[in-house]
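# Structural features, examined
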Amino acid sequence: MTKKVTVSTIKKYKSDNEKFSVLTAYDCYTAKYLDEAGIDIVLIGDSLAMVALGYNNTNSVGIEEMGIFTKAVARGVTRAFVVTDMPFLSYHTSVEDAVKNCGQMIRYGANGVKIEGGSDYIVSVIERLTAVGIPVMGHLGFTPQFLNQLGGYKIQGKTKEAADEILNQAKKLEKAGVFSIVLEMVPEESAKYITENLTVPTISCGAGRYCDAQVLVSDDVFGKYPEFKPKFARKYGNMGELIYNCAKQYNDDVKSGKFPDDSEVF
Ligand code: KIV
């Protein structure tokens, strides 16, 4: 029987200098495949707003929807650590609301939550969540929930001062108790500097090779999301084409009378 990945496993990856993998999933059987493939953390990303629900940005998804996808993914996973990405406004109104909403995701089967930002308020949320036993993954650099404030998909931490500012926030998150920190769209040099100055593992989302782990959106990896392909996302397959070809063949077979055949009828 394979051992469940826990916060201790993730900490040990960092101390042993061993890389680990994170991928998003939004449904039970995709999550099961990822788990069987050895992915260490399965993230129910709020990216599902775009890749599964067809919205223009991640801020359109709510806590109810994240709950449905969390339950589905948790049912598919045995070994990986399951993290729910807390959606916009689900932890911003008060520390109490944050505990209630994050706690609900744990009830639905998540092992931890991810929240974005490094302000003093976010630090106080992390302190309370970890105090009640909810593991927290931080998220710094480009933080999609701040898209309107950041003015677009812009690389963060480009100068030494900007990298120091992210490191400063990361250290506060570390002190507050996060078990890992996603660094999104940060230059490789800056991410290396930040990673080397932290004891918690960093997870690169377009932050280069020197982070302790890598995360991608699975629909990008599988070649399923056609709208936009970030420079840092590597496509390992063409699921969009596979789905199209299967649907087209089925359509042709139904219309030409080739489906069903003798073996497919009672
Ligand atoms: O929403 C998401 O999928 C994410 C990861 C890509 C880090 O936040």
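Everything in this summary refers to the structure shown in the same document.

Cut-off values and rules
Residues numbered from 1 in each chain as written. Predicted model: local features only at pLDDT ≥ 70, side-chain atom pairs only at ≥ 80, totals over all residues. Heavy atoms only, no water. Pairing = 2+ DSSP bridges. Helix = DSSP H or I, 4+ residues; strand = E, 2+ residues; numbered from the N terminus. Axes fitted to C-alpha atoms, helices over the stretch in contact; angles between N-to-C directions. Contact = heavy atoms within 4.5 Å. Near = heavy atom within 4 Å. Polar contact = N/O pair within 3.5 Å; in protein donor to acceptor, adjacent residues only side chain to side chain. Areas by Shrake-Rupley, 256 points an atom, 1.4 Å probe, with all protein chains shown as cover. Nonpolar A, V, L, I, M, F, W, Y, C, P; charged D, E, K, R; others polar. Core = buried A, V, L, I, M, F, W, Y, C linked by side-chain atoms within 4.5 Å. Buried < 20%, exposed > 50% of the residue type's maximum accessible area, 1.4 Å probe, protein only. Patch = residues over 30% accessible without salt bridge, like charges linked within 9 Å, V, L, I, M, F, W, Y side chains within 5 Å. Salt bridge = Lys/Arg side-chain N within 4 Å of Asp/Glu carboxyl O. Arc of directions from axis to C-beta. Parallel < 35°, antiparallel > 145°, perpendicular 65-115°, else oblique. Left-handed = near helix turned anticlockwise from the far one by under 90°.

### Things to note about the sheet that holds strand E5 (residues 136-141)
The strands making up a sheet associate through backbone hydrogen bonding, with each pair oriented either parallel or antiparallel. Sheet architecture is closed into a barrel: eight strands sit in the order E1-E2-E3-E4-E5-E6-E7-E8, paired in parallel fashion. Averaged over all adjacent pairs, the angle separating strand axes in this sheet is 25 degrees, with direction ignored. Of the strand pairs in this sheet, strand E7 (residues 202-205) and strand E8 (residues 213-216) are connected by two bridges, and their pairing is parallel. What sits directly across from Ile203, in E8, is Ala213. Lying on the sheet, helix H8 (residues 160-176) is in contact with E5 and strand E6 (180-184); it crosses E5 at an angle near 170 degrees.

### Some thoughts on the site of the ligand
If you check the shell around the ligand, you find Thr24, Leu43, Gly45, Asp46, Ser47, Asp85, Lys114, His139, Cys205, Val215 and Val217 and nothing else. Taking Asp46, its side chain carries an N or O atom lying 2.9 Å from an oxygen atom of the ligand. Here an oxygen atom of the ligand and a side-chain polar atom of Asp85 are 3.1 Å apart. Look at the ligand: alone it shows 260 Å² of surface, and the protein chains cover 95% of it. For the shell around the ligand, the per-class residue count stands at four nonpolar, four polar and three charged.

### Observations concerning the nonpolar core
Ranked by size, the top nonpolar core spans 57 residues in total, and within it Ile181 and Leu183 carry the most contacts. Filtering out sequence-adjacent residues up to four positions away, Ile181 remains in contact with Gly138, His139, Leu140, Ala170, Leu173, Leu198, Val200, Pro201, Thr202 and Ile203.

### Some points on a nonpolar patch on the surface
Among the surface-exposed residues, Tyr250, Val254 and Phe259 lie close enough to one another that they form a single nonpolar patch of about 290 Å² accessible area. Position of Val254 among the secondary structure elements: in helix H11 (residues 239-256).

### Considering helix H1 (residues 7-15)
Where H1 is concerned, the buried positions are Val7, Ile10, Tyr13 and Lys14. Mapping the buried residues of H1 onto a view down its axis gives an arc of 115 degrees, with all of them on the same face. Within H1, the exposed residues directed more than 90 degrees away from the buried face are Ser8 and Ser15. Packed against the buried residues of H1 are strand E1 (20-24), strand E2 (41-44), strand E3 (81-85) and helix H9 (188-196).

### A word on the packing of helix H6 (residues 120-131) against H8
Contact pair H6 / H8: the axes reach a minimum separation of 8 Å and the direction vectors enclose 20 degrees. Relative to H8, H6 is oriented roughly parallel. When you trace H6 past H8, the crossing you get is right-handed. Between H6 and H8, the residues in contact are Asp120, Val123, Ile126, Glu127 and Thr130 and Lys172, Leu173 and Ala176, respectively. Each residue belonging to the contact of H6 with H8 can be placed in one class, and the counts come to four nonpolar, one polar and three charged.

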